[in-house]
Amino acid sequence: MRAQGRCQEAIPEYETTISLDANFASAYANLGWCKFLTGSIEDVISLEEKALRLIPRGPFVGTLYLRIGTAYLLQSRYEDAIRPLEKARNATVWPAEVRSYLASAYGLKGESEHAAAELADARRLSPDDRYSSIARLKAAPYFVLTPKVRALYESTYIAGLRKAGMPEE
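Note that the structure is a prediction, hence the values are computed from the model and not measured.

Could you clarify how one ought to interpret the side chain of T70 in this entry?
Tracing the sequence through the fold places T70 in helix α4 (residues 61–74). Relative accessible area serves as the criterion here: at 3%, T70 is assigned to the buried category. Among the polar contacts listed, one links the side chain of T70 to the backbone oxygen of L66, at a separation of 2.8 Å. Residues in contact with T70, not counting those within four places in the same chain, are F36, L85, Y101 and Y153.

Right under this line is the structure:
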């Protein structure tokens, strides 16, 4: 269901799975991501942290840190976002994306040099030109979000990228 974009339906299934196996890290991680995609940002951090406690190493650790950092960023907790995003930068398969989130967090924090450096790295590491402008980023296929999450992205992530030096067009 999650893979089909039916997160609202997947949430109770993940909750049932967790009730049957409280050590199933993937269920916590995917429940957290479904909560994120449906706008329940406040639930994401604890679920992704639970998954991290269950699997502190492995190929998905970077993704978990990215999700935690993103949730903090969207909650306007820029200081809290930086540490997990820095951990994600060192452990993820999506280096350009992580650097864009770091650029945003640093930009919102007022650290313009760090923000500009991370944005430059995002552009260099990206397989396409999505980080060349706000318009291109918003046109990227993954940027389809619920209205609530889109509003949070606009007020945090996009605002931070502007401060990092990303042009509108």
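Let us keep going from here.
What is the right way to look at the pattern of salt bridges in this model?
Pairing is possible between side chains of opposite charge, provided their charged atoms come close. As enumerated under the stated definition, the model contains 15 salt bridges in all. E15 serves as the salt-bridge partner of K35, at 3.9 Å between the closest nitrogen and oxygen. With K35 in helix α2 (residues 25–37) and E15 in helix α1 (residues 7–20), this pair connects stretches of sequence that are 20 residues apart. Note on K35: relative accessible area 15%, which makes it buried. Using a relative accessible area of 38% as the deciding quantity, one classes E15 as partly exposed. What you see here is one network of salt bridges that share partners, running through R89, R99, E118, D121 and R124.

Help me out: how do you make sense of unusual backbone geometry in this one?
In most cases, non-glycine residues show a negative phi, while peptide bonds are predominantly trans. Here S76, not a glycine, exhibits a phi torsion of approximately 65°, which is positive. Residue S76 is classed as partly exposed on the basis of its relative accessible area, which comes to 40%.

I'm lost on the packing of aromatic side chains in this one. Help?
How two aromatic rings sit relative to each other is set out by the distance from centre to centre and by the angle between their planes. Throughout the structure, instances matching the rule amount to five aromatic pairs. Each ring, one from W33 and one from F36, has its centre 4.5 Å from the other, and the planes form 5°; the classification is stacked. Separated by three residues within a single helix, W33 and F36 lie in helix α2, roughly one turn from each other. Given a relative accessible area of 22%, W33 falls into the partly exposed group.

Explain the packing of helix α6 (residues 95–109) against helix α9 (residues 147–164) here, please?
Two measures define how a pair of helices packs: the angle their axes make with one another and the distance between the axes. In contact at an axis separation of 7 Å, α6 and α9 are set at 85° when each is read in the N-to-C sense. Compared by their axis directions, α6 and α9 come out roughly perpendicular. Between α6, through S100, Y101, A103, S104, G107 and L108, and α9, the contact on the second element is made entirely by Y153, T156, Y157, A159, G160, L161, K163 and A164. Grouping the amino acids of the contact of α6 with α9 by side-chain chemistry returns eight nonpolar, five polar and one charged.

Quick question: what am I supposed to make of the nonpolar core here?
Soluble, globular proteins show a tendency: their nonpolar side chains are buried together. Within the largest apolar cluster, 53 residues are counted, with the highest numbers of intra-cluster contacts made by Y153, Y157 and L161. With nine residues, α4 is the single largest residue contributor to this core.

What is the right way to look at the side chain of R130 in this model?
For R130, the location among the structural elements is in the loop between α7 (112–125) and α8 (134–139). Accessibility expressed as a relative area gives 19% for R130, which makes it buried. Only 2.7 Å separates the side chain of R130 from the side chain of D128, close enough to count as a polar contact. Setting aside its immediate chain neighbours within four residues, R130 contacts R136, L137, A140 and Y142.

Calculation criteria
Residues numbered from 1 in each chain as written. Predicted model: local features only at pLDDT ≥ 70, side-chain atom pairs only at ≥ 80, totals over all residues. Heavy atoms only, no water. Helix = DSSP H or I, 4+ residues; strand = E, 2+ residues; numbered from the N terminus. Buried < 20%, exposed > 50% of the residue type's maximum accessible area, 1.4 Å probe, protein only. Polar contact = N/O pair within 3.5 Å; in protein donor to acceptor, adjacent residues only side chain to side chain. Contact = heavy atoms within 4.5 Å. Salt bridge = Lys/Arg side-chain N within 4 Å of Asp/Glu carboxyl O. Phe/Tyr/Trp six-rings, centres within 6.5 Å; stacked < 30°, edge-to-face > 60°. Axes fitted to C-alpha atoms, helices over the stretch in contact; angles between N-to-C directions. Parallel < 35°, antiparallel > 145°, perpendicular 65-115°, else oblique. Nonpolar A, V, L, I, M, F, W, Y, C, P; charged D, E, K, R; others polar. Core = buried A, V, L, I, M, F, W, Y, C linked by side-chain atoms within 4.5 Å.

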